[in-house]
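Analysis of the macromolecular model
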Amino acid sequence: MTANWASFVAAEPDLAKTVEERFGAFTHHVLATLRKDGSPRTTGLEVRFLNGELWLGMMPDSRKALDLRRDPRFALQANPGEGTGMGGGDVRISGRAIEVEDPETKAAYGEEVEPPEPFHLFRTELTEVVRTYVEDDTYLVVQAWKPGEPLRTVKRT
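A short tour of the structure in this document, coming up. (Residues numbered from 1 in each chain as written. Predicted model: local features only at pLDDT ≥ 70, side-chain atom pairs only at ≥ 80, totals over all residues. Heavy atoms only, no water.)

1. Points about the pairing of strand 4 (residues 53–58)
Counting buried residues along strand 4, five of its six residues qualify, which places the element largely inside the surrounding structure. Where strand 3 (residues 47–50) and strand 4 come together, four bridges link them in antiparallel fashion. Bridged to Arg48 within strand 4 is Trp55. Where strand 3 folds back onto strand 4 in an antiparallel hairpin, the turn is made up of two residues, including Asn51, whose phi is positive at roughly 50°. (Buried < 20%, exposed > 50% of the residue type's maximum accessible area, 1.4 Å probe, protein only. Helix = DSSP H or I, 4+ residues; strand = E, 2+ residues; numbered from the N terminus. Pairing = 2+ DSSP bridges.)

The following block contains the structure:
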């Protein structure tokens, strides 16, 4: 089961706000895709939250775009920033990236974001959103959301 960003926001607005803030704190994040041989590839990436979707834009024929065309599964981790503070926690999103071929959708994205032309554009279908943070210098808290399931929170000492 998958959900778009708007569905996640509707299901878990507080967590969605935190996730957007974490991704908004820095420009570059880490995208994991699968190479042709099945091994992982990590690369830097900018992301956008627009019109109820989480968008991934990429240079033409970049390795990450070719990976996603072949196998749409991805994992995306927000840049933790400098030091060890990670204000707001560590945030990860997993899902499937679906390439956008519709010229009107790409044009609208291009008007809003102004990426270098040409570019690949992928919308995402989420399969999991996870936030990990430290509470009261005592607990490691893991919040995990999957489409169709309630938010699960686990505290560890």
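2. Let's talk about the packing of aromatic side chains
Counted under the stated rule, the structure contains six aromatic pairs. Ring geometry for Phe23 and Phe49: centres 6.0 Å apart, planes at 65°, overall edge-to-face. Placement of Phe23 in helix 2 (residues 13–24) and of Phe49 in strand 3 is noted, with a sequence separation of 26 residues between them. Overall, Phe23 belongs to the buried group, its relative accessible area being 4%. With 5.9 Å between their ring centres and 55° between their planes, Trp55 and Tyr109 make a pair best called tilted. Of this pair, Trp55 sits in strand 4 while Tyr109 sits in helix 4 (residues 103–113); the two residues are 54 residues apart in sequence, bridging distant segments of the chain. Each member of the pair Trp55 and Tyr109 is classed as buried. (Phe/Tyr/Trp six-rings, centres within 6.5 Å; stacked < 30°, edge-to-face > 60°.)

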